[in-house]
Amino acid sequence: MSNVDFNEVDKFAALASRWWDKNSEFKPLHDINPLRLDYIKAQCGGSLKGKKILDVGCGGGILAESLAKEGALVTGIDMAEAGLEVAKLHLLESGLSVNYQKIPVEEFAEQHAEEFDIVTCLEMLEHVPDPASIINACAALTKAHGRLFFSTLNRNTKSYLFAIIGAEYILKLLPQGTHDWDKFIQPSEMNEWARRSNLTLKSMIGMTYNPFTKTYKLESDVSVNYLCFYQK
């Protein structure tokens, strides 16, 4: 059975041409990318140079390119063809090198077990039918003692008010229908799936948005968006 929700794939594919427009629906991803990159670097000793990194659910390549710019050897996989085509085209503009492929992560894991120093899977788990399967595949792809990073949205009343009502309907930071609250993942669920895949939680941090200053920051509050660092 495929662990792909093609309605979710089609939703992002339809927006593909705007991935690199920093004033489009993808503005929040551009705004939070430096925070995510700095967090990943900090947990990896401050440098990604020469590290073999896999970005799962890479979309149009916003994170993948920033990792490549740090000197990492980056592979990005996704199931949305249109997003990957945009990602490949943007490499012509940036001059960076990223190996983009359309393939499910479970299948990729069968071919590339324990090949990567670092695996990232950000803002994806809440868009698939079986997130535990994604986490397990990411673990399989990571070398012993390698590092993994996951980000998603917590499932509670506050996240419904902030991430859906606030972000999609009031502030219009995201298109309506971007998220399904029922698919949000509580940290305890994330950690249980990770433990089953022999991953150890090293750090968890929240990401908050201030609608008045229109800025994001990382802090201890994990009640809405959160980012996890695990080690195999």
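Reading the values: the criteria
Residues numbered from 1 in each chain as written. Predicted model: local features only at pLDDT ≥ 70, side-chain atom pairs only at ≥ 80, totals over all residues. Heavy atoms only, no water. Helix = DSSP H or I, 4+ residues; strand = E, 2+ residues; numbered from the N terminus. Buried < 20%, exposed > 50% of the residue type's maximum accessible area, 1.4 Å probe, protein only. Contact = heavy atoms within 4.5 Å. Areas by Shrake-Rupley, 256 points an atom, 1.4 Å probe, with all protein chains shown as cover. Pairing = 2+ DSSP bridges. Axes fitted to C-alpha atoms, helices over the stretch in contact; angles between N-to-C directions. Parallel < 35°, antiparallel > 145°, perpendicular 65-115°, else oblique. Left-handed = near helix turned anticlockwise from the far one by under 90°. Nonpolar A, V, L, I, M, F, W, Y, C, P; charged D, E, K, R; others polar. Polar contact = N/O pair within 3.5 Å; in protein donor to acceptor, adjacent residues only side chain to side chain. Salt bridge = Lys/Arg side-chain N within 4 Å of Asp/Glu carboxyl O. Arc of directions from axis to C-beta.

Turning our attention to the overall build of the protein. Counting its regular elements, the protein contains eight helices and eight strands. Residues classed as buried in the protein amount to 51% of the 232 residues present. By sequence separation, contacts in the protein at least 24 residues apart represent 69% of the contacts at least 6 residues apart. For the protein, the accessible surface area stands at approximately 10800 Å², while carbon and sulfur atoms represent 52% of it.

Okay, the pairing of strand E5 (residues 142–153) next. By the bridge criterion, six bridges tie strand E4 (residues 116–122) to E5 in an arrangement that is parallel. In the strand pairing of E5, Val119 is matched with Leu148. Looking at chain direction, E5 and strand E8 (residues 225–231) are connected through seven bridges and run antiparallel. The residue bridging Leu148 from the neighbouring strand is Tyr230, located in E8.

With that out of the way, let us pick up the packing of helix H6 (residues 131–141) against helix H8 (residues 187–196). Where H6 contacts H8, the two axes come as close as 9 Å, and the packing angle between them is 45°. What the angle tells us is that H6 and H8 run oblique. Crossing hand, H6 versus H8: right-handed. On the side of H6, the interface is formed by Pro131, Ala132 and Ile135, while H8 contributes Met190, Trp193 and Ala194. Per-class residue counts for the contact of H6 with H8 are six nonpolar, no polar and no charged.

This paragraph deals with the sheet that holds strand E1 (residues 52–56). Reading across the sheet, the eight strands line up as E3-E2-E1-E4-E5-E8-E6-E7 and stay open at both edges, with mixed pairing between neighbours. In this open sheet, the two edge strands, each paired with only one partner strand, are strand E3 (98–102) and strand E7 (215–219). Direction aside, neighbouring strands of the sheet carry axes that sit 20° apart on average. Across five bridges, strand E2 (residues 73–78) lies against E3 in parallel orientation. Considered in E3, the bridge of Ile77 is made with Gln101. Against the sheet, helix H4 (residues 81–94) touches E2 and E3, its axis set at about 165° to E3.

This next bit is on the side chain of Thr152. Inspection of the secondary structure puts Thr152 in strand E5. At 2.9 Å, the side chain of Thr152 forms a polar contact with the side chain of Glu126.

Let's shift gears to the pattern of salt bridges. Opposite charge on two side chains allows them to pair when their charged atoms are near. Summed over all chains, the structure comprises 14 salt bridges. Its salt-bridge partner being Asp31, residue Lys27 comes within 2.8 Å of it at the nearest N-O pair. Linking Lys27 with Asp31, this pair stays in helix H2 (residues 27–43), spanning four residues, or about one helical turn. We classify Lys27 as partly exposed; its relative accessible area is 33%. With its nearest N and O atoms 3.2 Å apart, the salt bridge here joins Glu114 to Lys232. Pair noted here: Glu114 is in the loop between helix H5 (105–111) and E4 and Lys232 is in the segment after E8, with a separation of 118 residues, a long-range link. Classification of Glu114 as partly exposed rests on a relative accessible area of 45%. Judged by relative accessible area, Lys232 falls into the partly exposed class, the value being 25%. If you follow the salt bridges from partner to partner, you end up with Glu192, Arg195 and Arg196 in one network.

A few words on H8. Within H8, the full set of buried residues consists of Pro187, Met190, Asn191, Trp193 and Ala194. Each buried residue of H8 sits inside an arc of 165° when the element is viewed along its axis, so together they form one side. Across from the buried face of H8, at angles greater than 90 degrees, the exposed residues are Ser188 and Arg196. Looking at the buried positions of H8, the neighbouring elements they touch are H6, E5, strand E6 (200–210) and E8.

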